[in-house]
Structure formats: C-alpha cells, structure tokens
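Here is what each chain is made of, one letter per residue.
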Amino acid sequence: MEVQRTYVMVKPDGIQRRALGDVIGRFERRGLKLIAARLLRIPAALAQRHYSEHKERPFFGDLVEYITSGPVLAMVWEGPGAVSVARAMMGATDPQKATPGTIRGDLALDIGHNIIHGSDSPESAAREISLFFSPAELCDYPLVEEGWLS
Ligand code: DAT
Ligand code: MG
C-alpha cells in the first residue's frame, strides 16, 4: 500500500475532554508515524478556508464557531494508506452512527462535538497539510520498527 500523509486535528472538545493522549495513542499503536504537531487557536479566516467545501451548508457558521472556540491539536500522520486508515479509526461523522471501537464511537455523542477531523482524500490531505504547516515543519525521519509494519 502506498505511503501517504494525512491531516488529523483534535478539535476543541477533544482537548477539553482530555482525549489527546487517547487519540495520539491510538495512532501510535496502529503504526502510523507522527510527522508534525502544533497546538493552536485557529483564526476565523483559516477555519473558513479549511472548511470552505461546506460554506453553503446551514451548519457552516456553527462549525466555524466551534472549531475556533478553543485550541486544537493539528497533526500530520504518515503510513501505508494513512488517509483511509485514519478515517476508519475516526468512525462516522455523526457519532450517533459511529461504530464502538472508533474514536467517535468511543468518545463522542453529537455531530457538533465529534472530537476529531481527518482528511477525506489524498488531495484534501495535501491541501489541509499546507494550510496548517510549512514544508520545513514536516519532519522526515526513520522509525526503527518500520520494517516490521510494511
Ligand atoms: P468529516 O468531519 O467526517 O469529514 P464533513 O467533512 O462532512 O465530515 O463535515 C465536517 C464537519 O461538519 C463534521 O465533522 C461535523 C460538521 N457537520 C457535518 N455534517 C453536519 C450536519 N448535518 N449537521 C451539523 N454539523 C455537521
Ligand atoms: Mg470532512
């Protein structure tokens, strides 16, 4: 499987719920590699760009308000099939429909407080990574266990 990078973000409710360790632990245990991480309060203009595909949707205003309501943890994770692997680990957008065992299925109840974001395609991942990180902030390094994962 092709090695990919994906943009993953723990949303403000995830930080308030003290879910960072749980979420990061899941990605580490799965075998993905952390390439970049930054805690930030997203400016409104960046939130609008990040979610621009939803700008005509009725929930857009609430979505921007929520994602800017507190700090988020922006991350890039790398590994074979990382984009779809991360999406599967997150579970359905609506936590009411998310399978137990997924992040949303284990930690969330409401579509407006669904803990985590993950890119939905390699193209979205490239766009989102470039919104939150400069190329110099992406760390390229070997992990000793890589030969045991792929
Ligand atoms: P995902 O975050 O699973 O990629 P998405 O890109 O379709 O889902 O939507 C982005 C976020 O917008 C989602 O995490 C929660 C919110 N959202 C989506 N659909 C919604 C809806 N019908 N009502 C309220 N919020 C919604
Ligand atoms: Mg999405």
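Everything that follows concerns the structure shown earlier in this document.
Here we summarise the structure given alongside this text.

### Digging into the overall build of the chain
Tallying secondary structure elements over the chain gives seven helices and four strands in all. Traced from its N-terminal end to its C-terminal end, the chain shows the element sequence β-α-α-β-α-α-β-α-α-β-α. Its C-alpha radius of gyration of 15 Å places the chain within 12% of the 15 Å reference for a compact globule of 150 residues. By its C-alpha atoms, the chain is 45 × 35 × 25 Å across when sized along the principal axes. When the 150 residues of the chain are sorted by exposure, 49% land in the buried category. Counting only contacts in the chain whose residues sit at least 6 apart along the sequence, the fraction spanning at least 24 positions is 79%. As displayed, the chain has an accessible area near 8200 Å², and 55% of this comes from carbon and sulfur atoms. When the 17 basic and 19 acidic side-chain charges of the chain are each reduced to a single mean position, those positions are 3 Å apart.

### Some thoughts on the site of ligand 1
The environment of ligand 1 is formed by Lys11, Tyr51, His54, Phe59, Leu63, Arg87, Thr93, Arg104, Ile111 and Asn114. Contact between ligand 1 and His54: an oxygen atom at 2.9 Å from a side-chain N or O atom of the residue. Within the side chain of Thr93, a nitrogen or oxygen atom sits 2.5 Å from an oxygen atom of ligand 1. Residue classes in the shell around ligand 1 are distributed as four nonpolar, three polar and three charged.

Definitions and cut-offs
Residues numbered from 1 in each chain as written. Chains lettered and ligands numbered in written order. Predicted model: local features only at pLDDT ≥ 70, side-chain atom pairs only at ≥ 80, totals over all residues. Heavy atoms only, no water. Helix = DSSP H or I, 4+ residues; strand = E, 2+ residues; numbered from the N terminus. Rg over C-alpha atoms; globule rule 2.2 N^0.38 Å. Buried < 20%, exposed > 50% of the residue type's maximum accessible area, 1.4 Å probe, protein only. Contact = heavy atoms within 4.5 Å. Areas by Shrake-Rupley, 256 points an atom, 1.4 Å probe, with all protein chains shown as cover. Lys, Arg positive; Asp, Glu negative; His and termini not counted. Charge placed at Lys NZ, Arg CZ, Asp CG, Glu CD. Near = heavy atom within 4 Å. Polar contact = N/O pair within 3.5 Å; in protein donor to acceptor, adjacent residues only side chain to side chain. Nonpolar A, V, L, I, M, F, W, Y, C, P; charged D, E, K, R; others polar.

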